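# Secondary and tertiary structure notes
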Amino acid sequence: MVTVPATETTGYDDAVELLESTAEELNLRDDVLLLLRRPHRELHVQVPVRMDDGSVSVFSGIRVQHNGARGPYKGGVRFHPEADLDEVRTLASLMTWKCALVDVPFGGAKGGVQCDPAQLSVSELNRVTRRYTQNIAHLIGINRDIPAPDMGTNAQTMAWMMDAYGQLEGYTPGIVTGKPVALGGSLGREAATGRGVVLVLQQLCRDLGRDPKTQSVAVQGFGNVGSWAARIADEAGFPVVAVSDITGATYDETGLDITAVMNHVNDGGLVSEFPGASAITNEELLSLPCDVLIPAANGDAITTANCDNVRADIIIEAANHPLTTEADDALTQRGTLIVPDILANAGGVIVSYFEWTQNIQQFRWEEKQVNGELATRITQAYRSVSDLSRERRIPMRRGAYLLAVKRVAEAITMRGFV
Ligand code: NAD
C-alpha cells in the first residue's frame, strides 16, 4: 500500500489549488471564485447500527453538496474507512467539474460512510445503508440530490437506499442511480464508467496513430470500474497484461483472458491466484513495461514515491484523483499523457443521467441506445478537451478544468447567485 509522502498535499487543498489557477487563467470574478472555493452544504450524521452480535456500532456518515448551479446535486456514496470529510469534499468538487465538462444537467455532490464493507455482513450493510439514507433523506430528492454507487457500494446498496427513501416519501426510483435493472436501473449503467474509460482511450489512440493491438494495458483495481474497463478493453483488441485488486495482481505479458479472470473472481478466487499467469504486487503492476496504465482503485495511488517507476506513457484516470498533484506534475514533465478523471471516468455519471431521465419519464431505453448516447457524449467531451489542449499546448487536465469551471461560473452568474 502506498503512503503519500508528508511533503505532498492531497485532497481538498489540491482541488482548491487547481480551481484557483484555472480561475486566474479564466479571469474569473472574485465573488464567483469565493463561492466555488467551498462546498455549498456539508452534513455530518451519526449512523448507529445494531450489529449481528447484538452490539451497537456508530459509524460516521457525510453528504457534501459542492455546487448546484447547473442542476440537482449528483454524486456517489463511498463506504470506506478513509471516507472522511476532506475526501468526500474533494470528490464532491470533482463531480461539479465532471458534470459540467460532459454537459449533464447536474451539480456536484458526494457521500460517504466511514466503514469497511469487507468487515460487515450483508444484513449489517443493509442496516448501515438504511440508517445513513434516513439521516440524509431531508437533503436528497429527485430534483435536489441524487446519490449513486462509488467505492464499496453497488447496485444492491442503491436498492436499499431507494427502499429506505421510499418508506419515507413513497415510491421514488429516480432518487438514486446505479440501481438494479429490475428496480428501474438503466441497462448499460453497471459497465458505463469502464466503457467510457475505453472510449476515451480509443479516441486517444486514434489521435496518436496507435493501433490498439500494439498497446498493452495494465489496470489497477478490479471492482466495478476496473473489471469493466479491462473487459471492454480486451474486447476492443487491447492486450490487457495485468489487473489487480487490493490483495495483489496477475500478469501475463502476452495478454490475459479477462473473461476467464472474471469467472475466477466470480467463483470466489483472488485476482493474484488466477491460474496460468504470474502473481505480482500492486506496486509491481504500476511499474510494468506497458503502454497504458489505468488506475481504477483508490485515490493518491501514484505519488512522488512511486511515479518515477511508472513506465506507461499514457495514464487514463479511471479512479478519482489517483495521482497527487506532485506526481501529476512530474509525470507530465516527463511527457506522460494523462487523461484526467473528470473526463476519463465520466461515463458513469453520463449513464446515471440517462437512468434519471428514464425514471422521470417512466420509460426504458434499449442498451444499444444507452451505449450509443454514452459514446456520443463522452467523445464530444474528449474532442473539446483534446482540441483545447492541443491549441493552447496545455495538459488535458488544464484544458478540462478551463472548460468545466467556465461553464459552472457562467451558470452561477446567469442565475444571479452573486
Ligand atoms: P469498487 O469498490 O467496486 O472496486 C474497487 C477496487 O479497487 C477493488 O477491486 C479493490 O480490491 C481495489 N482496491 C482498493 N484499494 C486498492 C489498493 N490500495 N490497491 C489496489 N487495488 C485496490 O469501486 P469502483 O466503483 O470500481 O470505484 C473505483 C474508483 O473509480 C474510485 O476511485 C471511484 O471513485 C471511481 N469511480 C467510480 C464510478 C462508478 O461508477 N462506480 C464512477 C466514477 C469514478
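So, here's what we can say about the structure. (Residues numbered from 1 in each chain as written. Predicted model: local features only at pLDDT ≥ 70, side-chain atom pairs only at ≥ 80, totals over all residues. Heavy atoms only, no water.)

Looking now at the packing of helix α2 (residues 30-37) against helix α14 (residues 396-415). Relative orientation and spacing of two packed helices are given, respectively, by the angle between their axes and the distance between those axes. Put simply, α2 and α14 touch, their axes get as near as 11 Å, and they point 110° apart. When the axis of α2 is compared with that of α14, the two are roughly perpendicular. Contacts from Val32, Leu35 and Leu36 in α2 reach Val408, Ala409, Ile412 and Thr413 in α14. Its residues placed into classes, the contact of α2 with α14 shows six nonpolar, one polar and no charged. (Axes fitted to C-alpha atoms, helices over the stretch in contact; angles between N-to-C directions. Helix = DSSP H or I, 4+ residues; strand = E, 2+ residues; numbered from the N terminus. Parallel < 35°, antiparallel > 145°, perpendicular 65-115°, else oblique. Contact = heavy atoms within 4.5 Å. Nonpolar A, V, L, I, M, F, W, Y, C, P; charged D, E, K, R; others polar.)

Around the ligand sit 23 residues, and of these Arg78, Asp150, Thr193, Val225 and Asn320 come closest. Note that an oxygen atom of the ligand is positioned 2.9 Å from one of the backbone N or O atoms of Val225. One of the backbone N or O atoms of Ala297 is found 2.9 Å from an oxygen atom in the ligand. Here the ligand has 830 Å² of accessible area as a free molecule, and 88% of this is covered by the chains. (Near = heavy atom within 4 Å. Polar contact = N/O pair within 3.5 Å; in protein donor to acceptor, adjacent residues only side chain to side chain. Areas by Shrake-Rupley, 256 points an atom, 1.4 Å probe, with all protein chains shown as cover.)

For the rest of this paragraph, the subject is unusual backbone geometry. Despite not being glycine, Gln362 shows a phi value in the positive range, around 50°. You can see Gln362 is positioned in the loop between α12 (347-361) and α13 (367-392). Unlike most non-glycine residues, Arg393 shows phi in positive territory, near 55°.

In spatial order, the strands read β1-β2-β4-β3-β5; together these five strands make up an open sheet with mixed pairing. Of all the strands in the sheet, the pair left with one neighbour each is β1 (41-50) and β5 (145-149). When the angles between neighbouring strand axes are averaged without regard to direction, this sheet yields 20°. Here β1 pairs with strand β2 (residues 56-67) via ten bridges, running antiparallel. (Pairing = 2+ DSSP bridges.)

With that out of the way, let us pick up the nonpolar core. With 82 residues, the main nonpolar core has Trp97, Val243, Ile316 and Leu343 as its most contacted residues. By residue number, the principal contributor to this core is α14, which donates eleven residues. Residue assignment places this core across two domains, with domain 1 (39-171) and domain 2 (191-335) each supplying three or more. Ignoring anything within four residues of it in the chain, the contact list for Leu343 reads Leu101, Val200, Ile378, Ala381, Tyr382, Val385 and Met396. Residues Cys115, Tyr132, Ala137 and Met158 belong to the second largest nonpolar core, which totals 25 residues. (Core = buried A, V, L, I, M, F, W, Y, C linked by side-chain atoms within 4.5 Å. Buried < 20%, exposed > 50% of the residue type's maximum accessible area, 1.4 Å probe, protein only. Domains from an automatic or database assignment.)

This next bit is on the pairing of β2. The turn joining β1 and β2, which pair antiparallel and follow one another in sequence, is formed by five residues; a positive phi near 95° is taken by Gly54. Relative to strand β4 (residues 107-113), β2 runs antiparallel, the two sharing six bridges. Residue pairing in the sheet places Gln65 in a bridge with Ala109 of β4.

So, about the state of the cysteines. Applying the stated rule across the entire model yields zero disulfides. Among the cysteines around Cys290, which has no disulfide bond, Cys205 carries the closest sulfur, lying 12 Å off. Residue classification places Cys290 among the buried residues on the basis of a relative accessible area of 6%. (Disulfide = S-S within 2.5 Å.)

Next up on the list: helix α1 (residues 11-26). Its 16 residues place the ends of α1 23 Å apart at the C-alpha level, agreeing with the 22 Å of an ideal helix rising 1.5 Å per residue. Contact partners of the buried residues in α1: α2, β2, α3 (85-101), α10 (325-333) and α14. One or two positions beyond α1, positive phi appears at Asn27, with a value near 60°. (Expected span 1.5 Å × (residues − 1).)

It is worth spelling out helix α7 (residues 224-235) at this point. A rise of 1.5 Å per residue sets the reference length of α7, with its twelve residues, at 16 Å; its end C-alpha atoms lie 17 Å apart and thus fit the reference within 8%. Among all positions in α7, only Val225, Gly226, Ser227, Trp228, Ala229, Ala230, Ile232 and Ala233 are buried. Backbone geometry just downstream of α7 places Gly237 in the positive-phi region, at approximately 100°.

Attention now moves to the pattern of salt bridges. By the definition in use, this model includes 22 salt bridges. Between Glu25 and Arg398 there is a salt bridge, with its nearest N and O atoms 3.7 Å apart. Of the two residues, Glu25 is situated in helix α1 and Arg398 in helix α14; the sequence distance between them amounts to 373 residues. (Salt bridge = Lys/Arg side-chain N within 4 Å of Asp/Glu carboxyl O.)

Spatial strand order, β9-β8-β7-β6-β10-β11-β12: seven strands in an open sheet with mixed pairing. The sheet terminates laterally at β9 (278-280) and β12 (337-339), the two strands that pair on one side only. Direction aside, neighbouring strands of the sheet carry axes that sit 15° apart on average. Note: strand β6 (residues 217-220) against strand β7 (residues 240-245), four bridges, orientation parallel. When the sheet's bridge partners are listed, Ala218 is paired in β7 with Ala242.

So, to be careful, I would describe these as geometric facts and stop short of saying anything about function.
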